[in-house]
Amino acid sequence: MFVVDLTYIGDLSKIDALLEPHQAFLKSGYDRGVFLASGPKEPRTGGVILARSDTRAELEKLIDQVPFKQEGVAEYRITEFNPVMKADGLSF
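Residues numbered from 1 in each chain as written. Predicted model: local features only at pLDDT ≥ 70, side-chain atom pairs only at ≥ 80, totals over all residues. Heavy atoms only, no water.

Description of the pattern of salt bridges
When the charged atoms of two side chains with opposite charge come close together, those side chains can pair. Summed over all chains, the structure comprises five salt bridges. In this structure, Asp5 and Lys41 form a salt bridge, with 2.6 Å as the shortest nitrogen-oxygen distance. Here Asp5, found in strand β1 (residues 2-8), pairs with Lys41, found in the loop between β2 (35-40) and β3 (46-51); they are 36 residues apart in sequence, far enough to count as distant. Close ionic contact of Asp64 with Lys69 constitutes a salt bridge, the shortest N to O distance being 2.8 Å. The class of Asp64 is partly exposed, set by a relative accessible area of 42%. (Salt bridge = Lys/Arg side-chain N within 4 Å of Asp/Glu carboxyl O. Helix = DSSP H or I, 4+ residues; strand = E, 2+ residues; numbered from the N terminus. Buried < 20%, exposed > 50% of the residue type's maximum accessible area, 1.4 Å probe, protein only.)

Below, the structure written as structure tokens:
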């Protein structure tokens, strides 16, 4: 399991201009079962993605395709963790 922490490094106007392709990218990740949850930080300084992947390298390759990263408006940090406890109804 992975937490992907993104931090905006570009103007919010540039972020907003990329929201549609970014959301389409996220949807494709959800459709493939890689992304489990995502959303913006409060205050709006970036976002968080909860993801699963067979390997960190596979997830890194996928994150390299994020429109925000490709356009240089966000930086990404990936943290791998082992979920030993979970809420009822949540599966990995």
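Description of the pairing of β1
Going residue by residue along β1, you find Phe2, Val4, Leu6 and Tyr8 tucked away on one face and Val3, Asp5 and Thr7 left uncovered on the opposite face. Two strands pair when backbone bridges link them, and β1 and β3 are joined in this way by six bridges, in the antiparallel orientation. Bridged to Thr7 within β3 is Gly46. One ladder, built from seven bridges, connects β1 with strand β4 (residues 74-80); its direction is antiparallel. (Pairing = 2+ DSSP bridges.)

Quick notes on the nonpolar core
In terms of nonpolar packing, the biggest core is built from 21 residues, with Phe35, Leu59, Ile63, Phe68 and Tyr76 touching the most fellow members. For this core, the secondary structure elements donating two or more residues are β1, α2 (19-31), β3, α3 (56-63) and β4. Counting residues per element, this core draws most heavily on β1, at four residues. Residues in contact with Leu59, not counting those within four places in the same chain, are Phe2, Val4, Val34, Phe35, Ala51, Ser53 and Ile78. (Core = buried A, V, L, I, M, F, W, Y, C linked by side-chain atoms within 4.5 Å. Contact = heavy atoms within 4.5 Å.)

Description of the layout of surface pockets
Put simply, the largest pocket is a space of about 220 Å³. Taken together, 15 residues form the lining of the largest pocket, with Tyr8, His22, Leu26, Gly39 and Pro40 sitting closest to its centre. Among the elements of the structure, β1, α2, β2 and β3 are those that each provide at least two residues to the lining of the largest pocket. Taken together, the residues of the lining of the largest pocket sort by class into eight nonpolar, six polar and one charged. (1 Å grid on protein atoms, 1.4 Å probe; cavity = no way out; pocket = protein on both sides within 12 Å on 5 of 7 lines; lining within 4 Å. Points joined across faces, edges and corners; volume = space filled by probe spheres on them. Nonpolar A, V, L, I, M, F, W, Y, C, P; charged D, E, K, R; others polar.)

Focus on the packing of aromatic side chains
In this structure the tally under the stated criterion is three aromatic pairs. Pairing Tyr8 with Phe68 gives two aromatic rings, centres 5.9 Å apart and planes at 85°, and the pair type is edge-to-face. Here Tyr8, found in strand β1, pairs with Phe68, found in helix α4 (residues 67-70); they are 60 residues apart in sequence, far enough to count as distant. Arranged with centres 6.0 Å apart and planes meeting at 55°, the rings of Phe25 and Phe35 form a pair that is tilted. With Phe25 in helix α2 and Phe35 in strand β2, this residue pair connects regions lying 10 residues apart in the sequence. (Phe/Tyr/Trp six-rings, centres within 6.5 Å; stacked < 30°, edge-to-face > 60°.)

So far we have only geometry, and geometry alone does not tell us how the molecule works.
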